[in-house]
Amino acid sequence: MQCNHTVICGKIIKLSPLRYTPAGVAIMEFTVNHASKQKEAGIVRQIIFELLAIAMGEAAIAVAGMKRENAVKMTGFLNRKSHSSQQLIFHAIQIELI
């Protein structure tokens with residue numbers, strides 16, 4: 001299966017310090033709060049959640065220049081946080097202020 005493409009909008013609520021891998025790739029972890037209304041089975045539902053996210057390379061540099069409470073639109077994919085964890089983390093490939 002190849003389908004793993006996600007678009008999420010929300011507000012940045014937490015920014016970890018910018019760091020680099022031993023190979024020199026920039027990495028930025030951050031948390032986004034999402035709130036929306038979605039229609040499911042004819043019923044409108046209030047959706048609210050926090051999403052742990054990570055950006056690498058140029059996307060990490062872009063996130064490092066953002067501030068808490070900035071509204072963003074992120075495009076990327078979901079993966080496990082680590083090989084030993086089933087917790088999901090969103091990998092932001094593109095991120096823009098909205």
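These remarks concern the structure in this document. Fair warning: this is a prediction, and the values are worked out from it, not measured in the lab. (Residues numbered from 1 in each chain as written. Predicted model: local features only at pLDDT ≥ 70, side-chain atom pairs only at ≥ 80, totals over all residues. Heavy atoms only, no water.)

## Some remarks on the overall build of the protein
And then number 1: Looking only at helices and strands, the protein features one helix and six strands.
And then number 2: Mapped in sequence order, the helices and strands of the protein form the string β-β-β-β-α-β-β.
And then number 3: Overall, the C-alpha framework of the protein stretches about 50 × 35 × 20 Å when taken along its three principal axes.
And then number 4: Of all intrachain contacts in the protein linking residues separated by at least 6 positions in sequence, the fraction that spans at least 24 positions is 52%.
And then number 5: Charge-centre separation for the protein: the mean point of 11 positive side chains lies 4 Å from the mean point of 6 negative side chains. (Helix = DSSP H or I, 4+ residues; strand = E, 2+ residues; numbered from the N terminus. Contact = heavy atoms within 4.5 Å. Lys, Arg positive; Asp, Glu negative; His and termini not counted. Charge placed at Lys NZ, Arg CZ, Asp CG, Glu CD.)

## Focus: the environment of Leu78
And then number 1: Its location among the elements puts Leu78 in strand S5 (residues 71-80).
And then number 2: A sequence separation of 11 residues divides Leu78 from Ile89, and the C-alpha atoms of the two residues are 5.8 Å apart.
And then number 3: Those residues in contact with Leu78 that lie beyond four places of it in its chain are Asn4, Thr6, Leu88, Ile89 and Phe90.

## A few points about the side chain of Thr75
And then number 1: Mapping Thr75 onto the fold places it in strand S5.
And then number 2: Excluding anything up to four places from it in sequence, Thr75 contacts His5, Thr6, Val7, Phe90, His91, Ala92, Ile93 and Gln94.

## Things to note about the side chain of Ser36
And then number 1: As for its placement among the helices and strands, Ser36 is situated in strand S3 (residues 26-40).
And then number 2: Ser36 sits in the buried class, given a relative accessible area of 16%.
And then number 3: A polar contact of 3.1 Å, which involves the side chain of Ser36, links it to the side chain of Gln38.
And then number 4: Beyond its immediate chain neighbours, meaning those up to four positions away, Ser36 contacts Arg45, Gln46 and Ile47. (Buried < 20%, exposed > 50% of the residue type's maximum accessible area, 1.4 Å probe, protein only. Polar contact = N/O pair within 3.5 Å; in protein donor to acceptor, adjacent residues only side chain to side chain.)

## Details of unusual backbone geometry
And then number 1: Even without being glycine, Ala41 reaches a positive phi, approximately 55 degrees.
And then number 2: Position of Ala41 among the secondary structure elements: in the loop between S3 and strand S4 (43-56).
And then number 3: Of note, the phi angle at Glu69 is positive, near 80 degrees, even though the residue is not glycine.

## Points about the nonpolar core
And then number 1: With 18 residues, the main nonpolar core has Phe30, Ala55, Val72, Met74 and Ile95 as its most contacted residues.
And then number 2: Secondary-structure elements contributing two or more residues to this core are strand S1 (6-15), S3, S4, helix H1 (58-64), S5 and strand S6 (88-97).
And then number 3: Tallying contributions element by element places S3 first for this core, with four residues. (Core = buried A, V, L, I, M, F, W, Y, C linked by side-chain atoms within 4.5 Å.)

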